[in-house]
Amino acid sequence: MRQIILTVTREERVIQQFAFAARTVTIGRVVENDVVLDHPNVSRMHAEISAEDGKLFVDDLGSANGTLLNGRRVDRAEVRHRDVLAIGPFKLHVAVQEPNAERPTTNLFGRAETIRIR
């Protein structure tokens, strides 16, 4: 499963970084969210990023102030590597890491073997 890394910035300063391997990531002001953005311009349950059919999507959950993807307000849109979400005064920089493929290694006896990294 691919990993989603969200780097949260405010006024060009990195505040926090989150890494998820979950199918769904919720974003909002209350602690029940996976990513908590404590600001009055962020709705309690603001947005959600979900994996569907090998793609990532962001859904605005009816927030009062909206969700922007690369500067454009969206209700639902596909999210790609290096996209930027804006929620309230925060920017969430999206990085997607694909799962590592099998790679050859050498075991203790010097023989090549294949391991799967998850």
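Residues numbered from 1 in each chain as written. Predicted model: local features only at pLDDT ≥ 70, side-chain atom pairs only at ≥ 80, totals over all residues. Heavy atoms only, no water.

**Section: the overall build of the protein**
Counting its regular elements, the protein contains zero helices and 13 strands. Sequence-ordered secondary structure for the protein, helices as α and strands as β, is β-β-β-β-β-β-β-β-β-β-β-β-β. A total of 118 residues make up the protein; the buried ones form 37% of that total. Restricting to contacts in the protein with at least 6 residues of sequence separation, those with at least 24 account for 29%. Looking at the protein as shown, the accessible area adds up to about 7600 Å², and 46% of this sits on carbon and sulfur atoms. (Helix = DSSP H or I, 4+ residues; strand = E, 2+ residues; numbered from the N terminus. Buried < 20%, exposed > 50% of the residue type's maximum accessible area, 1.4 Å probe, protein only. Contact = heavy atoms within 4.5 Å. Areas by Shrake-Rupley, 256 points an atom, 1.4 Å probe, with all protein chains shown as cover.)

**What to know about the pattern of salt bridges**
Tallied over the entire structure, the rule returns three salt bridges. With a shortest N-O distance of 2.8 Å, Glu52 and Arg76 are connected by a salt bridge. Highlighted residues: Glu52 in strand β5 (residues 47–52) and Arg76 in strand β9 (residues 76–79), separated in sequence by 24 residues. Residue Glu52 is classed as partly exposed on the basis of its relative accessible area, which comes to 31%. Several salt bridges converge on common partners, so that one network encompasses Glu52, Asp59 and Arg76. (Salt bridge = Lys/Arg side-chain N within 4 Å of Asp/Glu carboxyl O.)

Function cannot be read off these values alone, since they describe shape.
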